[in-house]
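# Close look at the chain arrangement
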Amino acid sequence: LFSDVEMVAKHIDHVVKLAGIDHVGLGSDYDGVGDSLPTGLKDVSQYPNLIYVLLERGYSKDDIEKICYKNVFRVWQSVLDYAD
């Protein structure tokens, strides 16, 4: 029995409550995980399933952009700035 997109969204809700929307991001390294991924989120082509659920839960376009890429870009820029 696998988890599903709804459970992933529930976990995102929990992390947002704990740490804030600026500290949530998606990972996409699916190499080596076998067939253990949530139903409806077996690879990155199914991200729209998660985005749909997040929209239904009231996340804004800006929130979803942060989760999908803006937070990661911000952190990587900080890393690059520090390295310089």
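Above: the structure in question.
Rules used in this analysis
- Residues numbered from 1 in each chain as written.
- Predicted model: local features only at pLDDT ≥ 70, side-chain atom pairs only at ≥ 80, totals over all residues.
- Heavy atoms only, no water.
- Patch = residues over 30% accessible without salt bridge, like charges linked within 9 Å, V, L, I, M, F, W, Y side chains within 5 Å.
- Areas by Shrake-Rupley, 256 points an atom, 1.4 Å probe, with all protein chains shown as cover.
- Salt bridge = Lys/Arg side-chain N within 4 Å of Asp/Glu carboxyl O.
- Helix = DSSP H or I, 4+ residues; strand = E, 2+ residues; numbered from the N terminus.
- Buried < 20%, exposed > 50% of the residue type's maximum accessible area, 1.4 Å probe, protein only.
- Contact = heavy atoms within 4.5 Å.
- Phe/Tyr/Trp six-rings, centres within 6.5 Å; stacked < 30°, edge-to-face > 60°.
- Lys NZ or Arg CZ within 6 Å of the ring centre and 35° of its normal.

Let us look at a nonpolar patch on the surface. A cluster of nonpolar side chains, namely Y69, V72, F73, V75, W76 and V79, defines an oily patch on the protein surface of about 580 Å² accessible area. With respect to the secondary-structure elements, W76 resides in helix 3 (residues 61-83). Residue classification places W76 among the exposed positions, given a relative accessible area of 54%.

Moving on, we come to the environment of F2. Tracing the backbone shows F2 in the segment before helix 1 (5-19). The exposure class assigned to F2 is partly exposed, which follows from its relative accessible area of 39%. Through-space distance from the C-alpha of F2 to that of K61 is 28 Å; in sequence the pair is 59 residues apart. Each residue touching F2, except ones within four places of it in the same chain, is listed here: D35, S36, L37, T39 and K42.

Let us look at the packing of aromatic side chains. Enumeration over the complete set of coordinates arrives at one aromatic pair. A centroid spacing of 5.4 Å and a plane angle of 65° characterise the contact between Y69 and F73, whose relative ring orientation is edge-to-face. Taken together, the residues span about one helical turn, with Y69 and F73 both in helix 3 at a distance of four residues. Judged by its relative accessible area of 56%, F73 falls in the exposed class. Stacked on the ring of F2, the Lys or Arg K42 has its end atom at 3.7 Å from the ring centre.

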